[in-house]
Amino acid sequence: MTVTGRTLASNLEQVPDGDREVIRSYAKPMLEAAGYVVMSGNIFDSAVMKISVIDKDFRARFLSNPERPNVFEGKAIVFEGPEDYHHRIEDPRSASRNNPS
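Attention here is on the structure that accompanies the text. (Residues numbered from 1 in each chain as written. Predicted model: local features only at pLDDT ≥ 70, side-chain atom pairs only at ≥ 80, totals over all residues. Heavy atoms only, no water.)

With respect to the overall build of the chain
Tallying secondary structure elements over the chain gives 4 helices and 2 strands in all. Taken from N to C terminus, the helices and strands of the chain fall in the order α-β-β-α-α-α. In terms of C-alpha radius of gyration, the chain reaches 22 Å, well past the compact-globule figure of 13 Å for 101 residues. Its C-alpha atoms give the chain principal-axis dimensions of about 60 × 40 × 25 Å. Expressed as a percentage of the 101 residues in the chain, the buried residues total 8%. Looking at the chain as shown, the accessible area adds up to about 9,300 Å², and 56% of this sits on carbon and sulfur atoms. Separation of charge centres in the chain, based on 13 positive and 15 negative side chains, amounts to 4 Å. (Helix = DSSP H or I, 4+ residues; strand = E, 2+ residues; numbered from the N terminus. Rg over C-alpha atoms; globule rule 2.2 N^0.38 Å. Buried < 20%, exposed > 50% of the residue type's maximum accessible area, 1.4 Å probe, protein only. Areas by Shrake-Rupley, 256 points an atom, 1.4 Å probe, with all protein chains shown as cover. Lys, Arg positive; Asp, Glu negative; His and termini not counted. Charge placed at Lys NZ, Arg CZ, Asp CG, Glu CD.)

As structure tokens, this is what we get:
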């Protein structure tokens, strides 16, 4: 029972199903064995990433090194503050130095 005096199922009877591309059913997941991975590195002790958000293009570009499969290596750009960020983020010379693609 809910505060309405009805069951949750009864309260939701008239609610439309919604967009199944956004909220997927348990029976039809985006990826079968998707979950989370705990990462660590020299910038942070640990972080959690939902691996279902890794698309094919990202995997092909950044995680396909045969010597180190599924290992992401990248550069971290450190700014001196918001002013430095705003000044350098639009500078094409900074972008080419900071984007190793």
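Brief notes about the pattern of salt bridges
Across all of its chains, the model carries 4 salt bridges by this definition. Two residues, Asp17 and Arg20, come together in a salt bridge whose shortest N-O distance is 2.8 Å. Given the relative accessible area of 56%, Asp17 is considered exposed. Measuring nitrogen to oxygen at the nearest pair gives 3.0 Å for the salt bridge that ties Asp84 to Arg88. With Asp84 and Arg88 both in helix α3 (residues 82-89), this residue pair falls 4 residues apart, about one helical turn. Judged by its relative accessible area of 21%, Arg88 is partly exposed. (Salt bridge = Lys/Arg side-chain N within 4 Å of Asp/Glu carboxyl O.)

Focus on unusual backbone geometry
Phi angles above zero are rare outside glycine, and Asn70 is one such case at about 60 degrees. Residue position: Asn70 is located in the loop between α2 (56-62) and α3. With a relative accessible area of 52%, Asn70 lands in the exposed category.

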